[in-house]
Structures are given as C-alpha cells and as structure tokens.
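# Descriptive structure summary
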Amino acid sequence: MAELVGPRLYSCCNCRNHVSLHDDIISKAFQGRHGRAFLFSHAMNIVFGPKEDRLLITGLHTVANVHCCDCREVLGWKYERAYEETQKYKEGKFILEKSKIVKENW
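Before going into details, it helps to say that this report is about the structure given with it. Since this is a predicted model, take the numbers as computed values, not measurements.

The rules behind the values
- Residues numbered from 1 in each chain as written.
- Predicted model: local features only at pLDDT ≥ 70, side-chain atom pairs only at ≥ 80, totals over all residues.
- Heavy atoms only, no water.
- Helix = DSSP H or I, 4+ residues; strand = E, 2+ residues; numbered from the N terminus.
- Rg over C-alpha atoms; globule rule 2.2 N^0.38 Å.
- Buried < 20%, exposed > 50% of the residue type's maximum accessible area, 1.4 Å probe, protein only.
- Patch = residues over 30% accessible without salt bridge, like charges linked within 9 Å, V, L, I, M, F, W, Y side chains within 5 Å.
- Areas by Shrake-Rupley, 256 points an atom, 1.4 Å probe, with all protein chains shown as cover.
- Salt bridge = Lys/Arg side-chain N within 4 Å of Asp/Glu carboxyl O.
- Lys, Arg positive; Asp, Glu negative; His and termini not counted.
- Charge placed at Lys NZ, Arg CZ, Asp CG, Glu CD.
- Pairing = 2+ DSSP bridges.
- Axes fitted to C-alpha atoms, helices over the stretch in contact; angles between N-to-C directions.

Our focus in this paragraph is the overall build of the chain. Helix and strand content of the chain: 0 helices and 9 strands. Relative to the compact-globule value of 13 Å for 106 residues, the chain shows a C-alpha radius of gyration of 14 Å, a close match. When the backbone C-alpha atoms are referred to their principal axes, the chain occupies close to 55 × 25 × 20 Å. Within the chain, the proportion of its 106 residues that are buried is 42%.

The next thing to look at is a positive patch on the surface. Judged by side-chain charge, Arg8, Lys28, Arg36, Lys98 and Lys103 come together as a positively charged surface patch. Following the sequence through the fold, Lys103 ends up in strand E9 (residues 101–104).

A separate point is the sheet that holds strand E2 (residues 18–21). Strand order in the open sheet formed by 3 strands is E2-E1-E9, and the pairing between neighbours is antiparallel. Edge strands, defined here as strands with exactly one partner in the open sheet, are E2 and E9. Across the sheet, the mean angle from the axis of one strand to that of its neighbour is 35°, orientation sign disregarded. Sheet topology places strand E1 (residues 9–12) next to E9; 4 bridges connect them, and they run antiparallel. Opposite Ser11, over in E9, you have Val102 as the bridge partner.

The following block contains the structure:
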C-alpha cells in the first residue's frame, strides 16, 4: 500500500505554523537580515508590520515585515514596491529567511 504524502511545506521555526509551500519558491539566492533567504510567490498564516522604505543590497524598496500569525516571530518581509525598474519583479513577493523557517513533509 502506498503512503500518501502531502505537499512539502515550510513552517515557522518557533511554533511550526505552516507559512509557505515549497512549490512557491522563486529563488533560493537571496540575502536576508540574518543570512540566506528564499523568495516566495505566496505565503500563508502571516501578518504584516507597517510598510517602510528600506535600502537593501539591490536598492531602495518599500517593504513590510512578515510575522507568523500564531507566535508573531518575524520571518522576513514582503516587497510592496521596488523603485528600480530591474527590481519590479519582486513586488508582491515574500522573503522568508532560511534561519526562521523549517521544512515539513520532506
């Protein structure tokens, strides 16, 4: 009998709340505040901090911190606006820091 396996997920490192699907990773080549980070097209079970302009490696962006909706751990941020034309593809996408998420169902 075959074992049913659900989708591969990423969860909050603190409380294991599901925050994103592996299939929603756009890139693993990003830098967060605490090291390596992944760019995701979608995130779930999160709440946002206030929008703020932040000067990042790739220029000025308007971002909002992303928090786990259960424990309020800061997991990364959402790109609200990119001021550089070459960075517009990030708008509406999410950075989740590798050190703040854990793999589930792998």
